[in-house]
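The primary structure of each chain is shown beneath.
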Amino acid sequence: MLPPEKGWRNLFNGQNLKGWDTYIAPPIDDEGKLLSSKPVGLNNDPQKVFSVIRVDGENVIRISGQQWGAIITKNKYSNFHLQLKFKWGNLLWGQKRGKKMDSGILYFSTGANGADAGAWMRSQEFQVEQGNCGDYWGVAGAAEDIPANKINDSNYVFNPNGKMINFSASSSNGRHCLKRGDNEYPAGTWNTLDLYCMGDTSIHVVNGKVMMVLYHSAMVINGNRVPLTRGKIQIQSEGAEIYYKDIRIEPIIVIPKTLMK
């Protein structure tokens, strides 16, 4: 755990998951088929999907990935700078075996648990996946406008000088935008993620490099866009073992201009 600094609040106390809830989706088999329609649920974790263990001489949060779900802050946040570190473990489970290690930071999380894939609340996703750290996904009806270029029939990549494109499940452009470039360190190395959110604008930063700037955060309700600028933070369990540490947040009143270029 990082020592206290003016303005910052540690979200992980270095000892346990106090300040967080856990939620686990209905169990699935290795093919992704439901074994039960009933979710494992809120703060019920018999397989210890979420735990605190010793890694590299310090306590960190381990997410096993064995079941889909998330740890969720009890508090809601807006106008913030979130910073955390992660590195990949070694385990892949079920339908994720042989694929990329996968997790994600879900912000502005609101509404019911399990709204997406039975596992996650409606939210904006800062993708954490091998080779794709910094991508955007709209989760359970969330929407963003992102300047981007179309690179093939189904994919767009962030370009600060590109056309402003709407991304959501109800958009013809889909709900996924690729980040610009790559700045993830090799597996087994700690990476630092920074997420800046001010009003309805967000920035995804990986190891000090801006991956994407997102505008007009919203959720689509009955065909209408409603602003989405405040919510909880979820950290995903999605089939891969991953470790997180040094999770902290500070309020902001402006996004640094250097990040908007």
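In case you missed it, the structure is sitting above this.
**Considerations on the overall build of the protein**
Within the protein, the secondary structure is distributed over zero helices and 20 strands. By the compact-globule yardstick of 18 Å for 261 residues, the protein fits well, its C-alpha radius of gyration being 17 Å. Its C-alpha atoms put the protein at 45 × 45 × 35 Å along the principal axes. Burial status across the protein gives 53% buried among its 261 residues. Put simply, of all contacts in the protein between residues at least 6 apart along the chain, 64% involve residues at least 24 apart. With the model as given, the accessible surface of the protein reaches about 11,600 Å², and the carbon-plus-sulfur share is 49%. The positive charge centre, built from 30 side chains, and the negative charge centre, built from 24, are 4 Å apart in the protein.

**Topic: the pairing of strand 7 (residues 80–92)**
Strand direction decides the pairing type here: strand 7 and strand 15 (residues 191–198), joined by seven bridges, are antiparallel. Bridge assignment links Leu 84 to a residue of strand 15, and that residue is Leu 193. Relative to strand 20 (residues 240–251), strand 7 runs antiparallel, the two sharing nine bridges. Across the sheet, residue His 81 finds its bridge partner in strand 20, namely Glu 250.

**Comments concerning the layout of surface pockets**
Estimates place the volume of the largest pocket at around 230 Å³. Lining the largest pocket are 14 residues, and of these Asp 102, Glu 125, Gln 127, Trp 137 and Glu 238 lie nearest its centre. For the lining of the largest pocket, the elements supplying multiple residues, two or more each, are strand 9 (122–129) and strand 10 (136–139). Of the residues contributing to the lining of the largest pocket, the split by class is three nonpolar, four polar and seven charged.

**Quick notes on the packing of aromatic side chains**
The geometry of an aromatic ring pair comes down to the distance between the two centres and the angle between the two planes. Scanning the model with the defined rule gives seven aromatic pairs in all. Each ring, one from Trp 68 and one from Trp 120, has its centre 5.5 Å from the other, and the planes form 25 degrees; the classification is stacked. Taken together, the residues Trp 68 in the loop between strand 5 (58–63) and strand 6 (69–73) and Trp 120 in the loop between strand 8 (102–110) and strand 9 connect sequence positions 52 residues apart. Centre to centre, the rings of Tyr 107 and Phe 108 are 5.2 Å apart; their planes meet at 65 degrees, and the pair counts as edge-to-face. For the pair formed by Tyr 107 and Phe 108, the shared burial category is buried. Pairwise contacts between aromatic rings join Tyr 77, Phe 80, Tyr 107 and Phe 108 into one cluster. Positioned above the aromatic ring of Trp 190, the side-chain terminus of Lys 245 is 4.4 Å from the ring centre. Positioned above the aromatic ring of Trp 8 is the side chain of Arg 248, whose terminal nitrogen or guanidinium carbon lies 3.9 Å from the ring centre.

**Brief notes about the sheet that holds strand 9**
What the eight strands build is an open sheet, ordered 3-2-6-19-8-9-10-14; its pairing is antiparallel. Looking at the sheet topology across the chains shown, the edges are occupied by strand 3 (41–42) and strand 14 (176–177). Pairing between strand 10 and strand 14: two bridges, direction antiparallel. Across the sheet, the residue bridging to Tyr 136 is Cys 177, located in strand 14.

**Notes on the nonpolar core**
Side chains that are nonpolar tend, in soluble globular proteins, to be buried together. Counting 56 residues, the largest nonpolar core has Phe 80, Leu 82, Ile 105, Val 128, Ile 235, Tyr 244 and Ile 247 as the members making the most contacts within it. For this core, the element with the most residues is strand 17 (residues 209–221), which contributes six residues. Grouped together as the second largest cluster of nonpolar side chains are 10 residues, Tyr 23, Ala 70, Ala 119 and Val 139 included.

Reading the values: the criteria
- Position numbers for residues count from 1 along each chain, tracking the sequence in the order it is written.
- In keeping with the predicted nature of the model, local features appear solely for residues at pLDDT of at least 70, side-chain atom pairs appear and are counted solely at 80 or more, and the whole-chain, interface and lining totals rest on all residues.
- By convention in this description, side-chain values take in all heavy atoms of the structure and omit both hydrogens and water.
- Starting at the N terminus, helices and strands are each numbered in turn, a helix being any DSSP run of H or I of at least four residues and a strand any DSSP run of E of at least two.
- Throughout, radius of gyration means the C-alpha value; the globule benchmark is 2.2 Å times the number of residues raised to the power 0.38.
- When a residue's accessible area, from a 1.4 Å probe over protein chains only, is under 20% of the maximum for its type it is buried; when over 50% it is exposed; and in between it is partly exposed.
- Pairs of residues are marked as contacts when any of their non-hydrogen atoms sit within 4.5 Å.
- Note that accessible areas follow from Shrake-Rupley with a 1.4 Å probe, and for residues the cover is restricted to the protein chains shown.
- We treat Lys and Arg as the positive residues and Asp and Glu as the negative residues; His and chain ends play no part in the count.
- A single reference atom marks each charge: NZ on Lys, CZ on Arg, CG on Asp, CD on Glu.
- Between any two strands, at least two bridges found by DSSP are needed for them to pair.
- Definitions used for this entry: grid spacing 1 Å over protein atoms alone; cavity, a set of points where a 1.4 Å probe fits but cannot get out; pocket, an open set with protein on both sides within 12 Å along at least 5 of 7 lines; lining residue, one with an atom within 4 Å of a point.
- Grid points are joined across faces, edges and corners, and a volume is the space filled by probe spheres set on the points.
- Residues are grouped as follows: nonpolar covers Ala, Val, Leu, Ile, Met, Phe, Trp, Tyr, Cys and Pro; charged covers Asp, Glu, Lys and Arg; every other residue, Gly included, is treated as polar.
- In summary, the pairing rule links any two rings of Phe, Tyr or Trp, Trp by its six-membered ring, whose centres are within 6.5 Å, and it sorts them by plane angle into stacked for under 30 degrees, edge-to-face for over 60 and tilted for everything else.
- Cation placement over rings: the criterion is NZ of Lys or CZ of Arg within 6 Å of the ring centroid and within 35° of the ring normal.
- Side-chain atoms within 4.5 Å link the members of a nonpolar core, which is a set of buried Ala, Val, Leu, Ile, Met, Phe, Trp, Tyr and Cys residues.

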